[in-house]
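For reference, the chains in residue letters:
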Amino acid sequence: AQSVTQPDIHITVSEGASLELRCNYSYGATPYLFWYVQSPGQGLQLLLKYFSGDTLVQGIKGFEAEFKRSQSSFNLRKPSVHWSDAAEYFCAVGAPTGNQFYFGTGTSLTVIP
Amino acid sequence: DVKVTQSSRYLVKRTGEKVFLECVQDMDHENMFWYRQDPGLGLRLIYFSYDVKMKEKGDIPEGYSVSREKKERFSLILESASTNQTSMYLCASSLYGGLAYDEQFFGPGTRLTVL
């Protein structure tokens, strides 16, 4: 069965610092990969997704993610964090066969001034 | 912009009550979903629907049922609410196609407390 792991429950960074949120998946083939963000009091919003092709994916709000097949990872990055980036971030995996979709457990990001 | 609305932001019910959570989307999406979100567990799929009157069980359907009589509306029903159903409930929709690859658009959530 496929699964998705976000090893960091909570991360704190200073405003202006770089950010990397980790995501690892378990699946026999290359799955569809997503990052969603949930700002306080709001629903989830798609940041970016990877299906195939270029392994570095650009998303909204200055985020990017890199698919690394050898590490079964899809880490989210941002070069300079803004206070408004404080939110919960979810990695998600879709299986091309079997029509399955799973969210990770989320990483909560705190941004300090 | 796609808008997904949920009937209540906060709801308090008593054990054994029948609870209805309503979700409406305004962009003619084919697929609709109900998730529950719990700390440390992320989002777990309860049910989804890919067409009017059609439904599929997700990962945790026990204790829940759903209804989709119109394309834009998807209801989650707790037949007899229990305290372990206290949670945040999120509704989502997607345009068409498979569960695995469509972007999902989410409502703001309903925080349900069962006393």
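Residues numbered from 1 in each chain as written. Chains lettered and ligands numbered in written order. Predicted model: local features only at pLDDT ≥ 70, side-chain atom pairs only at ≥ 80, totals over all residues. Heavy atoms only, no water.

Colleague: Lay out the overall build of chain B in plain terms, naming residues and giving numbers.
Modeller: A count of helices and strands for chain B gives zero helices and 11 strands. Reading chain B from its N terminus to its C terminus gives the helix and strand order β-β-β-β-β-β-β-β-β-β-β. For chain B, whose C-alpha radius of gyration is 13 Å, the value lies close to the compact-globule estimate of 13 Å for 115 residues. Its C-alpha atoms give chain B principal-axis dimensions of about 40 × 30 × 25 Å. When the 115 residues of chain B are sorted by exposure, 48% land in the buried category. (Helix = DSSP H or I, 4+ residues; strand = E, 2+ residues; numbered from the N terminus. Rg over C-alpha atoms; globule rule 2.2 N^0.38 Å. Buried < 20%, exposed > 50% of the residue type's maximum accessible area, 1.4 Å probe, protein only.)

Colleague: Residues and numbers for the nonpolar core, please.
Modeller: All names here are of chain A. L19, W35, L47, L48, F74, L76 and Y89 are the most contacted members of the largest nonpolar core, which has 26 residues in total. Elements with a contribution of two residues or more to this core: β2 (10-14), β3 (19-21), β5 (32-38), β6 (44-50), β8 (64-68), β9 (73-78), β10 (87-95) and β12 (107-112). Not counting chain neighbours up to four residues away, the residues in contact with F74 comprise C23, L33, F34, W35, L48, Y50, A65, E66 and F67. (Core = buried A, V, L, I, M, F, W, Y, C linked by side-chain atoms within 4.5 Å. Contact = heavy atoms within 4.5 Å.)

Colleague: Report on the layout of surface pockets, specifying residues and quantitative values.
Modeller: In this structure, the largest pocket spans a volume of roughly 390 Å³. Lining the largest pocket are 22 residues; nearest its centre among them are Q38 and E88 of chain A together with Q37, M88 and R111 of chain B. Looking at the lining of the largest pocket, the elements with two or more residues in it are β10 of chain A together with β4 (31-38) and β9 (87-94) of chain B. The leading source of residues in the lining of the largest pocket is β10 of chain A, at three residues. Looking at side-chain class alone, the lining of the largest pocket contains seven nonpolar, 11 polar and four charged residues. (1 Å grid on protein atoms, 1.4 Å probe; cavity = no way out; pocket = protein on both sides within 12 Å on 5 of 7 lines; lining within 4 Å. Points joined across faces, edges and corners; volume = space filled by probe spheres on them. Nonpolar A, V, L, I, M, F, W, Y, C, P; charged D, E, K, R; others polar.)

Colleague: Tell me what's going on with the sheet that holds strand β7 (residues 65-70) of chain B, and back it up with residues and numbers.
Modeller: Residue and element names in this part refer to chain B. Pairing is antiparallel across the open sheet formed by four strands, whose spatial order is β1-β3-β8-β7. Of all the strands in the sheet, the pair left with one neighbour each is β1 (4-6) and β7. Strand-to-strand, the axes of this sheet are offset by a mean angle of 20 degrees, without reference to chain direction. Two elements, β7 and strand β8 (residues 73-78), share four bridges in a ladder whose sense is antiparallel. Across the sheet, V66 pairs through a bridge with L76, a residue of β8. (Pairing = 2+ DSSP bridges. Axes fitted to C-alpha atoms, helices over the stretch in contact; angles between N-to-C directions.)

Colleague: Got a sec to walk through the state of the cysteines? Specific residues and values, please.
Modeller: Counting across every chain of the model gives two disulfides over all chains. Through a disulfide, C23 of chain A is tied to C91 of chain A; the S-S separation comes to 1.9 Å. Every disulfide takes its handedness from the sign of the S-S torsion; for C23 of chain A and C91 of chain A that torsion is -65 degrees, giving left-handed. Of the two residues, C23 of chain A sits in the loop between β3 and β4 (24-26) while C91 of chain A sits in strand β10, which places them 68 residues apart along the sequence. Both residues of the pair, C23 of chain A and C91 of chain A, count as buried. For C23 of chain B, the disulfide goes to C91 of chain B, at an S-S distance of 1.9 Å. In this structure the cystine formed by C23 of chain B and C91 of chain B twists about its S-S bond by roughly -80 degrees; its chirality is therefore left-handed. Residue C23 of chain B is located in strand β3 (residues 19-25), and its partner C91 of chain B is located in strand β9; the two are separated by 68 residues in the primary sequence. We classify C91 of chain B as buried; its relative accessible area is 0%. (Disulfide = S-S within 2.5 Å.)

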